[in-house]
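# Structural characterization, general
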Number of protein chains: 2
Amino acid sequence: MKKEIPLLNNMNPAANTDFEKYEQKFKALADQQRLQIINILALKESVCVCDLTPIIDMPQSKLSYHLKILLEADLIQKEKRGTWNYYSLNVKELKGLLSDQLCCVFLPSCC
Amino acid sequence: MKKEIPLLNNMNPAANTDFEKYEQKFKALADQQRLQIINILALKESVCVCDLTPIIDMPQSKLSYHLKILLEADLIQKEKRGTWNYYSLNVKELKGLLSDQLCCVFLPSCC
DNA sequence: AAATTACATCAAATAATTTTGATGTTAGGA
DNA sequence: TCCTAACATCAAAATTATTTGATGTAATTT
């Protein structure tokens, strides 16, 4: 049961903006475990799930779930190479979302 | 049942950072209705709840609930004047969190 | 071809968040 | 003092998100 959020008057630059889109992206960011995943991806450039599992203390299906949420929010990307799935940050998207300050915190390679 | 998120190695700049803190802030942002509230506050500078209620289609207790979440995340501020409670954005905090691009979307006064 | 590795997906259980309507509190006015 | 307006808070109900363990699938190895 999705509720409609009424738009504001057209004096408002955000009137036509999709709050929904940002809701999804912030939801994806709003979890310590996913922030940690982002953080690891930022350090390692591109990582397969098999490398992630031992680092991050999480059952595999759970990790898969969280990766999917990040993927659907377009904050990370997936690339299949043989048997492996490599994940990497969508740095452009993240930079469009986060302040420089925050980028420095979570995406050390940015600084 | 809060789970501990294991810290990363100390090569990692975010190792000692409180993911918890950012989780809270992103959670506060991760809701269309709260984004709308932020958006209205950005337009109006400082608004009492009684002015907000007719604009935003929401029962009063619900509005109060969402304002509290934004307040606890330190994204907005509250000032009591007589019977009225005036809310305003914590622009500094928001700027420290959001990219310039996003600030422009949600906080039109920034651009 | 069978077995194994590296995942994704699913359904049920659990937990967290949001919504609602009722009630509480405080300040100001009659 | 009593009444009302402007909120906040509370507890129960409804909704949504997360966790878990099991199962499915595709690629690789043997």
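The rules we used
- Residues numbered from 1 in each chain as written.
- Chains lettered and ligands numbered in written order.
- Predicted model: local features only at pLDDT ≥ 70, side-chain atom pairs only at ≥ 80, totals over all residues.
- Heavy atoms only, no water.
- Near = heavy atom within 4 Å.
- Polar contact = N/O pair within 3.5 Å; in protein donor to acceptor, adjacent residues only side chain to side chain.
- Helix = DSSP H or I, 4+ residues; strand = E, 2+ residues; numbered from the N terminus.
- Nonpolar A, V, L, I, M, F, W, Y, C, P; charged D, E, K, R; others polar.
- Pairing = 2+ DSSP bridges.
- Contact = heavy atoms within 4.5 Å.
- Axes fitted to C-alpha atoms, helices over the stretch in contact; angles between N-to-C directions.
- pLDDT = per-residue confidence, 0-100.
- Disulfide = S-S within 2.5 Å.
- Buried < 20%, exposed > 50% of the residue type's maximum accessible area, 1.4 Å probe, protein only.

## Some words on the protein's contact with DNA strand D
Looking at DNA strand D, there are 25 residues lining it, with A:Tyr65, A:His66, B:Cys50, B:Ser64 and B:Tyr87 nearest. Each atom of DNA strand D within 4 Å of the protein belongs either to a base or to sugar and phosphate, the latter forming 67%. Here A:Gln33 contributes a side-chain N or O atom positioned 2.9 Å from a phosphate oxygen of DNA strand D. With respect to DNA strand D, the backbone of B:Cys50 contributes an N or O atom lying 2.5 Å from a phosphate oxygen. When contributions to the surface near DNA strand D are tallied by element, the ones reaching two or more residues are α2 (32-44) and α4 (60-72) of chain A together with α3 (49-55), α4 (60-72) and β3 (84-89) of chain B. No other element matches α4(A), which puts five residues into the surface near DNA strand D. Here the residues of the surface near DNA strand D are counted per class, giving eight nonpolar, ten polar and seven charged.

## A short note on the protein's contact with DNA strand C
Around DNA strand C sit 26 residues, and of these A:Cys50, A:Ser64, A:Tyr87, B:Tyr65 and B:His66 come closest. Among the atoms of DNA strand C lying within 4 Å of the protein, the sugar-phosphate backbone contributes 67%. Taking A:Ser64, its side chain carries an N or O atom lying 2.3 Å from a phosphate oxygen of DNA strand C. Sorting elements by how many residues they give to the surface near DNA strand C places α4(B) first, with five residues. Taken together, the residues that form the surface near DNA strand C break down as nine nonpolar, ten polar and seven charged.

## Focus: the sheet that holds strand β3 (residues 84-89) of chain A
What links the strands of a sheet is backbone hydrogen bonding, and the strands pair in either a parallel or an antiparallel sense. Residue and element names in this part refer to chain A. Reading across the sheet, the three strands line up as β1-β3-β2 and stay open at both edges, with antiparallel pairing between neighbours. Every interior strand has two partners, whereas the edge strands, β1 (47-48) and β2 (76-81), have only one. As paired elements, β2 and β3 share six bridges and run antiparallel to each other. The residue bridging lysine 80 from the neighbouring strand is asparagine 85, located in β3. Here α2 sits on the sheet and contacts β1, β2 and β3; the angle it forms with β3, its principal contact strand, is near 95 degrees. Helix-sheet contacts for α4 involve β2 and β3, and the interaxial angle to β2 is about 115 degrees.

## Thoughts on the confidence of the model for chain A
Residues and elements named next belong to chain A. On average, residues of chain A score 87 in pLDDT, and 85% of them are at 70 or above. The least confident element of chain A, judged by mean pLDDT, is helix α6 (residues 100-106) at 89; the most confident is α4 at 98. Counting interchain partners and residues more than four positions distant, the pLDDT-below-50 stretch residues 6-11 has nine contacts.

## Regarding the state of the cysteines
Two cysteines whose sulfur atoms are joined by a covalent bond form what is called a disulfide. Residues and elements named next belong to chain A. Scanning the entire structure with this criterion turns up two disulfides over all chains. Through a disulfide, cysteine 48 is tied to cysteine 50; the S-S separation comes to 2.4 Å. With the S-S bond torsion at -70 degrees, the cross-link from cysteine 48 to cysteine 50 turns out left-handed. Using a relative accessible area of 2% as the deciding quantity, one classes cysteine 48 as buried. For cysteine 50, a relative accessible area of 41% gives the class partly exposed.

## Considerations on the sheet that holds β3(B)
All names here are of chain B. With antiparallel pairing, the three strands of this open sheet are ordered in space as β1-β3-β2. Looking at the sheet topology across the chains shown, the edges are occupied by β1 (47-48) and β2 (76-81). Two strands pair when backbone bridges link them, and β1 and β3 are joined in this way by two bridges, in the antiparallel orientation. Within β3, the residue paired with valine 47 across the bridge is tyrosine 87. Taken strand by strand, helix α2 (residues 32-44) contacts β1, β2 and β3, and its axis lies near 95 degrees from that of β3. Together, β2 and β3 form the strand contacts of α4, whose direction differs from that of β2 by roughly 115 degrees.

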